[in-house]
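# Remarks on the overall topology
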Amino acid sequence: MDLFSTPLWEVNCRDEFMKSLSSYVQLINKLRKDGEGDEGDNRSNRNGWRLDNVNLRDDFKPVNDEIIYGLSGILADKKVFDPSKKYNYRLESWINLTNKGGYNTIHHHALWSVSGVLYIKCPKNSGRLLIKDPRPAVFFHNLLPKAGEQIVIQPKEGLMVFFPGFLEHAVELNKSRKERISIAFNIGLTSE
Ligand SMILES: [Fe+2]
């Protein structure tokens, strides 16, 4: 028996999508310049810009399709998902842009089955993703692998990371002079 094990999946975007990454950087900078979205501190973001409801936008359809491609990959993980079941999903996605000196405070998305991020632009030293086990007592434990450890995910352009929404997470300070751009998402899953 393996109690309370927790998956985290990394999926690389497909080659065709990788070719379009820079066009999304341009589009996102244009949307910001045009006054869309919210500047400043929003939810967990500090010193950045956020645009919600990306899942409803036609101009970001390939981004949302790429996230669903990633989801299809993780649904094949038989350790977690039942291959005999059909899973229905609901996606919400948004843009996070972090300026120099910005970061994300620790938080969770516990109402959602799976949360994650697709990295669009991550300059060197623009902040790593930190994952924390939300069980407080585990930090006093000394036997099980990774118990109480802070898990560090190094971002990479075109990488998608998926994890259960209850996992606590934060993003380090952007120490780069350039902005850091990612598409964050929540996925609600139900099975038939
Ligand atoms: Fe988050």
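In what follows, the accompanying structure is described. (Residues numbered from 1 in each chain as written. Predicted model: local features only at pLDDT ≥ 70, side-chain atom pairs only at ≥ 80, totals over all residues.)

### Some points on the overall build of the chain
If you tally the helices and strands in the chain, you get three helices and 10 strands. Counting helices and strands in the order they occur from the N terminus, the chain gives β-α-α-β-β-α-β-β-β-β-β-β-β. Against the globule reference of 16 Å for 192 residues, the chain gives a C-alpha radius of gyration of 17 Å, in line with a compact fold. If you line up the chain on its principal axes, its C-alpha atoms span 55 × 40 × 30 Å. Sorting the 192 residues of the chain into buried and exposed places 28% on the buried side. Put simply, 87% of the contacts in the chain that link residues at least 6 apart link residues at least 24 apart. (Helix = DSSP H or I, 4+ residues; strand = E, 2+ residues; numbered from the N terminus. Rg over C-alpha atoms; globule rule 2.2 N^0.38 Å. Buried ≥ 20, exposed ≤ 12 C-beta atoms within 10 Å, placed from the backbone. Contact = placed C-beta atoms within 7 Å.)

### Here's the deal with the nonpolar core
Membership of the largest hydrophobic core comes to 31 residues, with the highest contact counts inside it found for Val63, Ile95, Val117, Leu118, Met160, Phe162 and Ile183. Counting residues per element, the ones that place at least two in this core are α2 (21-33), β3 (45-51), α3 (61-75), β4 (87-107), β5 (114-121), β8 (159-164) and β10 (180-191). Those residues in contact with Ile95 that sit more than four places away from it in its chain are Ile28, Arg50, Leu51, Val54, Ile181 and Ile183. (Core = buried A, V, L, I, M, F, W, Y, C linked by C-beta atoms within 7 Å.)

### Some words on unusual backbone geometry
Positive phi is not limited to glycine here, since Arg43 has a value of about 50°. Looking at the secondary structure, you find Arg43 in the loop between β2 (38-42) and β3.

### Some points on the environment of Thr105
Note that Thr105 resides in strand β4. For Thr105, a count of 11 C-beta atoms within 10 Å translates into the label exposed. Taking the C-alpha atoms as reference points, Thr105 and Pro155, 50 residues apart in sequence, are found 17 Å from one another. Not counting the four nearest positions on each side in its chain, Thr105 is found in contact with Ser44, Arg46 and Ala170.

### Points about α3
Helix length check: α3, at 15 residues, gives a terminal C-alpha distance of 21 Å against a target of 21 Å (1.5 Å per residue), a fit within 8%. Listed as buried for α3 are Val63, Asn64, Glu66, Ile67, Gly70, Leu71 and Ile74. Buried residues along α3 cover an arc of 155° about the axis, so they all sit on one side. For α3, exposure combined with an orientation more than 90 degrees from the buried face picks out Lys61, Asp65 and Ser72. (Expected span 1.5 Å × (residues − 1). Arc of directions from axis to C-beta.)

Spatial relationships are all this shows, so hold off on functional conclusions.
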